[in-house]
Amino acid sequence: MIEVEAKIKIKSPKEVRSKISKLAKYNGREKKIDTYYTLEPLSTYPKKSLRVRQKPRYYEINFKQNISYKKGVHAKNEVEFILSDISNFLLLIKEFGFKPWVKKEKITYLYQIKENFNIELNHVKKLGWFLEVEYLATKKNIKKARKEVAKMVKVLGFSDKDIVKNGYTKMLWNLKKSN
């Protein structure tokens with residue numbers, strides 16, 4: 001699937017949650033603990049990395065490839081699979097030269113607008129609150145998904161100027177560099 005999304009830094013999660021609850025169905029809260037690994041030198045921000053997400057009963061491995069970025073909306077090809085035994089996978093990637101470089105913790109409040117179209121209200125440790133509008137599309141539906149995401153951003157009271165271009169890992173990386 002192609003992940004088409006926009007991310008906005010927010011000041012008042014309570015106010016935004018109120019708006020979201022009128023447009024989408026609440027699907028629960030989830031804690032996400034992610035460790036990112038790369039083959040690239042740790043002294044620079046990597047162009048490619050993979051994510052290992054710890055879940056209660058398994059681990060999710062994820063890799064995203066940028067397709068495009070237009071008017072504040074990203075489109076990324078997302079490759080994802082599940083593992084029950086992480087130790088052998090970590091040994092394998094270590095043997096190939098992967099090193100951990102960023103850790104991210106976030107609490108996510110999930111809302112569903114319709115199938116494959118979601119809103120997340122995220123609190124990212126060290127970064128604060130964010131709103132994400134995400135549409136999972138096929139390659140032929142990217143244009144439609146981009147329009148739907150942009151439209152929902154406006155319905156929620158935000159504009160293109162409010163959209164954050166950098167991902168959480170880039171923001172965490174910049175924070176780590178500045179300290």
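A quick note: this is a predicted structure, and the numbers were derived from the prediction, not measured.

Let's talk about the pairing of strand β2 (residues 25-38)
Residues in a regular strand point their side chains to alternate faces of the sheet.
Right, so step 1: As paired elements, β2 and strand β6 (residues 99-114) share 13 bridges and run antiparallel to each other. Along β6, the bridge assignment pairs Tyr 26 with Tyr 111.
Right, so step 2: Where β2 meets strand β3 (residues 50-54), five bridges bridge the pair, whose relative direction is antiparallel. Bridge pairing in β3 links Thr 35 to Val 52.

So, the pattern of salt bridges
Right, so step 1: All told, the structure shown has 14 salt bridges when counted by the stated rule.
Right, so step 2: The salt bridge involving Glu 5 is made with Lys 7; its shortest N-O contact spans 4.0 Å.
Right, so step 3: Classification of Glu 5 by relative accessible area gives buried; the value is 5%.
Right, so step 4: Between Glu 80 and Arg 51 there is a salt bridge, with the nearest N and O atoms lying 3.3 Å from each other. Here Glu 80 is found in strand β5 (residues 73-83), whereas its partner Arg 51 is found in strand β3, with 29 residues between them in sequence.
Right, so step 5: Salt bridges linked by common partners bring Glu 30, Asp 34, Arg 51, Arg 53, Lys 55, Glu 60, Glu 80 and Lys 104 together as one network.

Remarks on the environment of Lys 19
Right, so step 1: Counting through the fold element by element, Lys 19 comes out in helix α1 (residues 13-21).
Right, so step 2: Each residue touching Lys 19, except ones within four places of it in the same chain, is listed here: Leu 156 and Gly 157.

Digging into the environment of Lys 31
Right, so step 1: With respect to the element layout, Lys 31 can be found in strand β2.
Right, so step 2: A sequence separation of 82 residues divides Lys 31 from Ile 113, and the C-alpha atoms of the two residues are 21 Å apart.
Right, so step 3: In this view, Lys 31 contacts Glu 105, Lys 106 and Ile 107; residues no more than four positions away in its chain are not counted.

Here is what the cut-offs are and how they apply
Residue positions are counted from 1 within each chain, in the order its sequence is given. Local features are withheld for residues below a pLDDT of 70 in this predicted model, meaning they are given only at 70 or higher, and side-chain atom pairs are given and counted only at 80 or more; totals for whole chains, interfaces and linings count all residues. Hydrogen atoms and water are omitted, and side-chain values are computed over all heavy atoms in the structure. Note: two strands are recorded as paired if DSSP finds a minimum of 2 bridges between them. The helix and strand labels rest on DSSP assignments: H or I over at least four residues marks a helix, E over at least two residues marks a strand, and numbering proceeds from the N terminus. We count a salt bridge whenever a side-chain nitrogen from Lys or Arg sits within 4 Å of a carboxyl oxygen from Asp or Glu. Only protein chains enter the area calculation, which uses a 1.4 Å probe; residues under 20% of their type maximum are buried, those over 50% are exposed, and those in between are partly exposed. We call two residues in contact whenever any of their non-hydrogen atoms come within 4.5 Å of each other.

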